[in-house]
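Each chain, written out:
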Amino acid sequence: MLPRKQDYGLKAAYAPRSRPVMNFTAVKLSSVRHRSAVLPSVLTFAVIVASGGLLLMIEKGMLNSMETPPPRGSGPRSRYNSNARVGRPQDPLADTDFQILQEIRNRTIRTMCGQKSMPHDVWSLGPLQRKTLLQHILVNDQHRFLYCYVPKVACSNWKRLLKVLSGALGDMDAKIKMDHHSDLLFLSSLKPEEIRYRLKHYFKFLFVREPMERLLSAYKNKFGEIEAYQKRYGAEIVKRYRKGQGGKSAAAAKGDDVTFSEFVRYLLDEDVDRMNEHWMPAYNLCQPCAVSYDFVGSYEHLQRDAEYVLRRVGAPEHVRFPDRQAWYKPVTAETMHYYLCSLPQKLLKDLLPKYILDFSLFTYPLPNTTAQHCRH
């Protein structure tokens, strides 16, 4: 059963939360005509100017070893600081890292999303963008939170956890096949006034992952293990991008041996707003400029950040985010090194702009694929 849609005074006037000016230096954007639906090319242009020519720096290889800078200024500390120590006592250094990362992300997102060319609420998005967003936000009315799920960022475990919190599932260890839609309430199923209320009053969060690691995880899982994806996407990719074979070979019919290079060529020809959710950028899935998220967790610190969210929303003490299963195969640094360094450099440089908002907004350094690095 779906959670009941409750009446929380939905007729109250809704106004998008104002975004405070942070003590963070940014280059002003050139004048760009405002549109209700911001096109990907405009978003990319905005990032180029706001970051002082970030894409040019990609071309020059200047960001290959960039580290995340410390926050500047002496503005107020993040509101997450007072709630960072939750559950079990934490190591002070780890707690400091948690606070710094959140502050950097908050400032970065607010600075870039404050630009006029960016969407400032859900209703300023284009129809396709808004549909994608609302279909990826899950609702829990009992604990008053919204979770925007990003595939390949532990979303299956989060969905199981939401089912436990709603009472649809007994516990996280229940041995049942995961259904990604039943017993879950999506924001897209609610009326506009119900959507507005929850966006304004509920705790909102998402989890992100290093963009190239997430992409590689999707490639290895979908084209190495899932027959449905091999037939639907793999066969077409082989037909388009494998020279001299087209649709005549057995490989083209099965689609079970797509190379990473072929997959990247396919992505370069895809519109980011129409991509499959498993490789669509997190920005396009969750629209962090249109939705003022209260917390952005990291896949790299999944247990720590998940624990924070559970305590923040008032989940019962016995509800814990599960450990990764024994069969889980992580994308290691060695695997990343092999695939990215084996990829033609021109393909990688053409690919990065499609995910540049994920790198910049969520403060991930660009991958180091210099000749010197790839030799080791």
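Residues numbered from 1 in each chain as written. Predicted model: local features only at pLDDT ≥ 70, side-chain atom pairs only at ≥ 80, totals over all residues. Heavy atoms only, no water.

### Some remarks on the overall build of the protein chain
- Secondary structure assignment for the protein chain yields 16 helices and 5 strands.
- Across the 376 residues in the protein chain, those meeting the buried criterion constitute 52%.
- Relative to all contacts within the protein chain whose residues are 6 or more apart in sequence, the contacts with residues 24 or more apart total 74%.
- Accessible surface, the protein chain as shown: approximately 18700 Å² in total, 54% of it carbon and sulfur. (Helix = DSSP H or I, 4+ residues; strand = E, 2+ residues; numbered from the N terminus. Buried < 20%, exposed > 50% of the residue type's maximum accessible area, 1.4 Å probe, protein only. Contact = heavy atoms within 4.5 Å. Areas by Shrake-Rupley, 256 points an atom, 1.4 Å probe, with all protein chains shown as cover.)

### Observations regarding helix α5 (residues 155-166)
- With 12 residues, α5 should cover 16 Å at 1.5 Å per step; its first-to-last C-alpha distance of 16 Å lies within 8% of that length.
- Burial analysis of α5 places 10 of its 12 residues in the buried class, which makes it a mostly covered element.
- Every buried residue belonging to α5 is among Cys155, Asn157, Trp158, Lys159, Arg160, Leu161, Leu162, Lys163, Val164 and Leu165, and all of these are buried.
- In the core, the buried residues of α5 are packed alongside β1 (137-140), β2 (145-148), β4 (203-208) and α12 (302-312).
- In the stretch just after α5, Gly167 is the one whose phi turns positive, near 90°. (Expected span 1.5 Å × (residues − 1).)

### Describing the environment of Leu185
- As for its position among the elements, Leu185 is in strand β3 (residues 185-186).
- Exposure remark for Leu185: the relative accessible area of 3% places this residue in the buried category.
- In the structure, Leu185 is positioned 50 residues away from Gln135 in sequence and 9.7 Å away in space, judged by C-alpha atoms.

### Points about the state of the cysteines
- For the structure shown, the criterion picks out 3 disulfides.
- Through a disulfide, Cys113 is tied to Cys289; the S-S separation comes to 2.0 Å. Every disulfide takes its handedness from the sign of the S-S torsion; for Cys113 and Cys289 that torsion is -75°, giving left-handed. Note that Cys113 is positioned in helix α3 (residues 92-113) and Cys289 in the loop between α11 (282-286) and β5 (295-298), a separation of 176 residues in sequence. In this pair, the class of Cys113 matches that of Cys289, namely buried.
- Taken in N- to C-terminal order, the disulfide-linked cysteines of the protein chain are connected 1-4, 2-3, 5-6. (Disulfide = S-S within 2.5 Å.)

### So, the side chain of His136
- By secondary structure assignment, the location of His136 is in the loop between α4 (127-134) and β1.
- Assessed through its relative accessible area of 5%, His136 is described here as buried.
- At a separation of 2.6 Å, a polar atom in the side chain of His136 contacts the side chain of Glu277.
- Excluding anything up to four places from it in sequence, His136 contacts Tyr147, Cys148, Tyr149, Glu277 and Leu285. (Polar contact = N/O pair within 3.5 Å; in protein donor to acceptor, adjacent residues only side chain to side chain.)

### Focus on the environment of Pro288
- Position of Pro288 relative to the elements: it lies in the loop between α11 and β5.
- Judged by relative accessible area, Pro288 falls into the buried class, the value being 3%.
- Linking Pro288 and Ile109, residues 179 residues apart in sequence, is a C-alpha distance of 7.5 Å.

### Things to note about the pairing of β2
- Both faces of β2 are covered, namely the face carrying Phe145 and Tyr147 and the face carrying Leu146 and Cys148.
- Note: β1 against β2, 4 bridges, orientation antiparallel. What sits directly across from Leu138, in β2, is Tyr147.
- Where β1 hands over to β2, the hairpin turn is made up of 4 residues, of which Arg144 adopts a positive phi near 55°.
- One ladder, built from 4 bridges, connects β2 with β4; its direction is parallel. Residue pairing for β4: Tyr147 is matched across the bridge by Phe205. (Pairing = 2+ DSSP bridges.)

### Overview of the sheet that holds β4
- The mixed open sheet is built from 5 strands, whose spatial order is β3-β1-β2-β4-β5. Among the strands making up the open sheet, the edge pair consists of β3 and β5.
- Pairing between β4 and β5: 4 bridges, direction parallel. Looking at β5, one finds that Val208 is bridged to Ser298.

### Notes on the pattern of salt bridges
- Throughout the structure, instances matching the rule amount to 15 salt bridges.
- For Arg242, the salt bridge goes to Glu262, with nearest N and O atoms at 2.8 Å. Placement of Arg242 in the loop between α8 (227-241) and α9 (250-254) and of Glu262 in helix α10 (residues 260-268) is noted, with a sequence separation of 20 residues between them. You'll find Arg242 and Glu262 in the same group, each marked buried.
- Salt-bridge contacts for Glu317 lead to Arg311; the nearest nitrogen and oxygen are separated by 3.6 Å.
- Overall, the relative accessible area of 15% leaves Arg311 in the buried class. (Salt bridge = Lys/Arg side-chain N within 4 Å of Asp/Glu carboxyl O.)

### Points about the packing of α8 against α10
- Where α8 contacts α10, the two axes come as close as 10 Å, and the packing angle between them is 90°. With respect to each other, α8 and α10 are oriented roughly perpendicular. In this structure, α8 contributes Tyr233, Ile237, Val238, Arg240 and Tyr241 to the contact, and α10 contributes Glu262, Phe263, Arg265 and Tyr266.
- Taken together, the residues that form the contact of α8 with α10 break down as 6 nonpolar, no polar and 3 charged. (Axes fitted to C-alpha atoms, helices over the stretch in contact; angles between N-to-C directions. Parallel < 35°, antiparallel > 145°, perpendicular 65-115°, else oblique. Nonpolar A, V, L, I, M, F, W, Y, C, P; charged D, E, K, R; others polar.)

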